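Commentary on secondary and tertiary structure
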Amino acid sequence: QVQLVESGGGLVQAGGSLRLSCAASGPTFSNYVTGWYRQAPGKEREFVAAISWRTGTIYYADSVKGRFTVSRDNAKNTVYLQMNSLKPDDTALYYCAARPYDGSVRRRWADYDYWGQGTQVSVSS
């Protein structure tokens, strides 16, 4: 059973930066894909980024490309989401999720089996 714990959210002014962490316990992440998603009030859950631990393949949503960077620390079993040039539209509850790697890096949230509790990111204008 994979357990995920996000941290690093907070309140920041537009143009600022935050780094989110997703720490995993249970099986090692080496055979998993980790995704980042966000959900703002009244909106659907939205794909942000995903990384395959085995291949290092990374995908980003167009809305965050060039501003957000996902990385991993194998020794710590942790995935990071570095968020720069934050905008008020980035305000949301951010979740990390995981699923076993099956040769593809999925973007659809329903394809992920394990979820963290979420961490709030608020960007003021």
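As a reminder, the structure under discussion sits directly above these lines.
The model shown is predicted, which means the values in this text are computed figures rather than measured ones. (Residues numbered from 1 in each chain as written. Predicted model: local features only at pLDDT ≥ 70, side-chain atom pairs only at ≥ 80, totals over all residues. Heavy atoms only, no water.)

**A closer look at the sheet that holds strand β1 (residues 3-7)**
Where strands meet in a sheet, backbone hydrogen bonds hold them as pairs that are either parallel or antiparallel. Pairing within the open sheet is antiparallel, and its 4 strands lie in the order β1-β3-β8-β7. Taken across any chain shown, the strands that pair with only one partner, and hence form the sheet edges, are β1 and β7 (68-73). On average, adjacent strands in this sheet sit at an angle of 15° to one another, irrespective of strand direction. Sheet analysis places β7 next to strand β8 (residues 78-83), joined by 6 bridges and oriented antiparallel. Its bridge partner lying in β8, Thr69 is registered against Gln82. (Pairing = 2+ DSSP bridges. Helix = DSSP H or I, 4+ residues; strand = E, 2+ residues; numbered from the N terminus. Axes fitted to C-alpha atoms, helices over the stretch in contact; angles between N-to-C directions.)

**Observations regarding the pairing of β1**
Only one face of β1 is buried, namely the one carrying Leu4 and Glu6, since none of Gln3, Val5 and Ser7 on the opposite face is buried. Taken together, the 5 bridges between β1 and strand β3 (residues 18-25) define a ladder with antiparallel strand orientation. Considered in β3, the bridge of Glu6 is made with Cys22. (Buried < 20%, exposed > 50% of the residue type's maximum accessible area, 1.4 Å probe, protein only.)

**Considering the pattern of salt bridges**
This structure, assessed with the given rule, holds 8 salt bridges. The closest approach of N and O atoms between Arg106 and Asp111, which form a salt bridge, is 3.5 Å. The partly exposed category is assigned to Arg106, whose relative accessible area is 26%. Given the relative accessible area of 14%, Asp111 is considered buried. Ionic pairing is found between Arg108 and Asp111, a salt bridge with its closest N-O pair at 2.8 Å. Look at the salt bridges and you will find they share partners, linking Arg99, Asp102, Arg106, Arg108 and Asp111 into a network. (Salt bridge = Lys/Arg side-chain N within 4 Å of Asp/Glu carboxyl O.)

**Quick word on the pairing of β3**
As defined by bridge partners, β3 adjoins β8 across 6 bridges and the pair is classed as antiparallel. Bridge pairing in β8 links Arg19 to Gln82.

**A look at unusual backbone geometry**
You will see that Asn77, though not glycine, has its phi angle at about 55°, which is positive. With respect to the helices, strands and loops of the structure, Asn77 is situated in the loop between β7 and β8. Located in the positive-phi region is Ser85, a residue other than glycine, with phi close to 50°. Take Ser85: it is sitting in the loop between β8 and β9 (92-100). Here Ser85 falls in the partly exposed class, since its relative accessible area comes to 42%.

**Re the packing of aromatic side chains**
Within this structure, the stated rule accounts for 7 aromatic pairs. Measuring from ring centre to ring centre gives 6.5 Å for Tyr112 and Trp115, while their planes differ by 65°; the resulting arrangement is edge-to-face. Classification of Trp115 by relative accessible area gives partly exposed; the value is 25%. Among the aromatic residues, ring-to-ring pairing joins Tyr37, Phe47, Tyr95, Trp109, Tyr112 and Trp115 into one connected group. Across from the ring centre of Tyr80, 4.1 Å away, lies the NZ or CZ of Arg19, which sits over that ring. Positioned above the aromatic ring of Tyr59 is the side chain of Arg107, whose terminal nitrogen or guanidinium carbon lies 4.6 Å from the ring centre. (Phe/Tyr/Trp six-rings, centres within 6.5 Å; stacked < 30°, edge-to-face > 60°. Lys NZ or Arg CZ within 6 Å of the ring centre and 35° of its normal.)

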